[in-house]
Each structure stands twice: as C-alpha cells, then as structure tokens.
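Below, each chain spelled out in residue letters.
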Amino acid sequence: NAGANDYPATVMYHEQRRWFAGTNDKPQVVWATRTATESNLTSSVPSRDADGMELRIAAMQNNQIRHLVALSDLIALTAGGEFQIGGDGPITPSSVAIKPQGYSGASNVQPLVTAGSLLYVQAQGSRIRELGYNWESNSYRTLDVSIMAPHRFNGYEVEQIAYTRAPDQILWAVRNDGTLLGLTYVPDQQVFGWHAHDTDGAIESVCVVSEGSEDVLYVVARRTVQ
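Residues numbered from 1 in each chain as written. Predicted model: local features only at pLDDT ≥ 70, side-chain atom pairs only at ≥ 80, totals over all residues. Heavy atoms only, no water.

This part takes up the overall build of the protein. For the protein, the count of helices and strands is 0 helices and 18 strands. Since a compact globule built from 226 residues should have a radius of gyration of about 17 Å, the 19 Å found for the protein is in line with a globular shape. The principal-axis extent of the C-alpha atoms belonging to the protein is close to 70 × 45 × 40 Å. Scored against the burial criterion, the 226 residues of the protein give a buried share of 42%. For the protein, the accessible area works out to roughly 12,300 Å², and carbon and sulfur atoms hold 47% of it. In the protein, 16 positive and 24 negative side-chain charges are present, and the distance between their average locations comes to 5 Å. (Helix = DSSP H or I, 4+ residues; strand = E, 2+ residues; numbered from the N terminus. Rg over C-alpha atoms; globule rule 2.2 N^0.38 Å. Buried < 20%, exposed > 50% of the residue type's maximum accessible area, 1.4 Å probe, protein only. Areas by Shrake-Rupley, 256 points an atom, 1.4 Å probe, with all protein chains shown as cover. Lys, Arg positive; Asp, Glu negative; His and termini not counted. Charge placed at Lys NZ, Arg CZ, Asp CG, Glu CD.)

This is the structure:
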C-alpha cells in the first residue's frame, strides 16, 4: 500500500500520458502512465511504445524533483537544476533521453508557462528566471529576468507568482515583505520592465482570473483596521 512517502510532489500531462515525480522515497524518479490512460503504469516485456515508464534523473546531487512542466518537451525542475525529458519524436521507453539544461534550480513556488517559455523562482527564492528554447544551441536556455532590477530582489524572497496574458503581458510576484512586483513581459518585442505596487498593509497572495476578453488580477491584502 502506498504511504505518505510515495505521494508525488508534482503531476503533469504530456503527450497523452500522465506524469508523476518527486516522491520522498524516490525523489529523482519520474513515472509516466501508458498512453491515453490516467493511472495505468504497467509495462511489458519486450517493451512497447505505449508502455508505462519509470525514469530516474541521474545527477551529481540528489535533489528532489519539484515541478514538471510541459513545453515542446517535458521539463523537470529540481532544487539544483533544470532537465529536458524528450526523445527523437514522441517519448517512448526506447527513445527517451534526459538532458540537463541548467544548474540554477527552482524553489517550491509554482512556475508559470507563457507563450513559449517558462518563468520560475530560483531555488534560493530571491531571483526569477526564464527558461526558453534556443534555436542556435538546439537546447533550452535559462536567464535571470530579475537582474534588470536587483534592488527589488536583494534581501527578499519571492513567495508567489501569477501571469496575465491580456490585454497586457505582465508577470506578478509577491515578495515576502508584502510588496507586489510586476514585470511587463513581451519577449517577442524584447520588452522587459519591472515596477512595484504599494498598498495599505501587505499583499499576501495573488490570482489571475479570465473575465471576458481580459485577465484580471485579484489580490489578498492584510490590513489593520482601527
């Protein structure tokens, strides 16, 4: 019977499979269901393309997988690095490959997918990074998007992020002192700009909800009345 140490830290759908990863007992292992199933992890001998899979990320550090994110490939984020899980075509037991893409690592804050890239909080919690595919190197590249405004991040931690797509593309970040930061983020036009938003009290949480033709940001603010 499965115990608490067998529960995955992250679950994702990719290529018609359901993926699990990051249990306490097997922190670097990724499981994939059989194609077009929700929970069937069985495999056969000899293996077939539709079989379930159990993969282990072999790395110098034993860091638990914190997030799985589906881009054109499946991306696994650990506390110590970023890994591409892909293959030559669809992922199968005979074609799967795991390749490191960077060594910055990710925190426990839930990452966000934009039009073609991934935004996540670095493992130390005080930087926000972008991971996107680079055609020149034929690999994924990770960049520090908070380096343009280090005074907004040095000495603080980012506790939550959210993203609005319309009418404006803005990444929202809640700092641990209750300040709300925004990044106007239009990578296609090379537009990046940080801004801070103050309110009475402190921002504790943010959420983006689609309403009609726009994404609306909602915040939870802690305030002292009288």
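Right, let's talk about the nonpolar core for a bit. If you look at the biggest cluster of nonpolar residues, it comprises 17 residues, and the most contacted ones within it are Ile128, Val158, Ile161, Leu171 and Trp194. Broken down by secondary-structure element, the contributors of at least two residues to this core are strand S10 (117-121), strand S13 (158-164), strand S14 (170-175) and strand S15 (180-186). The contacts of Ile161, once residues within four sequence positions are left out, are Val109, Gln110, Pro111, Leu112, Leu119, Tyr120, Val121, Ile128, Leu171, Trp172 and Ala173. Grouped together as the second largest cluster of nonpolar side chains are 14 residues, Trp19, Val30, Leu74 and Ile91 included. (Core = buried A, V, L, I, M, F, W, Y, C linked by side-chain atoms within 4.5 Å. Contact = heavy atoms within 4.5 Å.)

Before going further, it helps to spend a moment on the sheet that holds S15. Hydrogen bonds along the backbone pair up the strands of a sheet, which may run parallel or antiparallel. An order of S13-S14-S15-S16 is seen for the 4 strands of this open sheet, with the pairing classed as antiparallel. Edge positions in the open sheet fall to S13 and strand S16 (191-197), since each of these has one partner strand only. Sheet twist, expressed as the average angle between the axes of neighbouring strands with direction ignored, equals 20°. Bridging between S13 and S14 involves 6 bridges; their strand directions are antiparallel. (Pairing = 2+ DSSP bridges. Axes fitted to C-alpha atoms, helices over the stretch in contact; angles between N-to-C directions.)

A separate point is the sheet that holds strand S5 (residues 65-70). Ordered in space as S5-S6-S7-S8, the 4 strands form an open sheet in which the pairing is antiparallel. In this open sheet, the two strands that pair with only one neighbour each are S5 and strand S8 (96-102). Within this sheet the neighbouring strands show an average axis-to-axis angle of 25°, counted without direction. Inspection of the sheet shows strand S7 (residues 82-87) paired to S8 by 6 bridges, in the antiparallel sense. Along S8, the bridge assignment pairs Gly86 with Ala97.

A few words now on the packing of aromatic side chains. Here the structure, examined in full by the defined rule, presents 5 aromatic pairs. Summarising the aromatic geometry, the rings of Phe153 and Trp194 are spaced 4.9 Å apart at their centres and angled 75° between planes, so their arrangement reads as edge-to-face. Placement of Phe153 in the loop between strand S12 (139-144) and S13 and of Trp194 in strand S16 is noted, with a sequence separation of 41 residues between them. With relative accessibility at 14%, the residue Trp194 sits in the buried group. Taking the centre distance of 5.7 Å and the plane angle of 65° together, the rings of Tyr185 and Phe192 count as edge-to-face. The structure contains a cluster of three or more aromatic residues connected by ring pairs, namely Tyr133, Trp135 and Tyr140. (Phe/Tyr/Trp six-rings, centres within 6.5 Å; stacked < 30°, edge-to-face > 60°.)

Attention now goes to the environment of Ala196. Looking at the element boundaries, Ala196 is found in strand S16. Distance in space between the C-alpha atoms of Ala196 and Thr179 is 7.2 Å, their sequence separation being 17 residues. Once residues lying within four places of it in the same chain are set aside, the contact partners of Ala196 are Arg152, Thr179, Leu180 and Leu181.

Before going further, it helps to spend a moment on the pairing of S15. Counting buried positions over the 7 residues of S15 gives 5, a clear majority of the element. Bridge count for S14 against S15 is 5 bridges, and the pairing is antiparallel. Among the inter-strand pairings, Val174 is bridged to a residue of S15, identified as Leu180. As paired strands, S15 and S16 are joined by 7 bridges and run antiparallel to one another. Following the sheet pairing, Leu183 is matched in S16 by Trp194. Linking S15 back to S16 in an antiparallel pair, the connection comprises 4 residues, with Gln190 at a positive phi of about 60°.

By themselves these figures say nothing about function.
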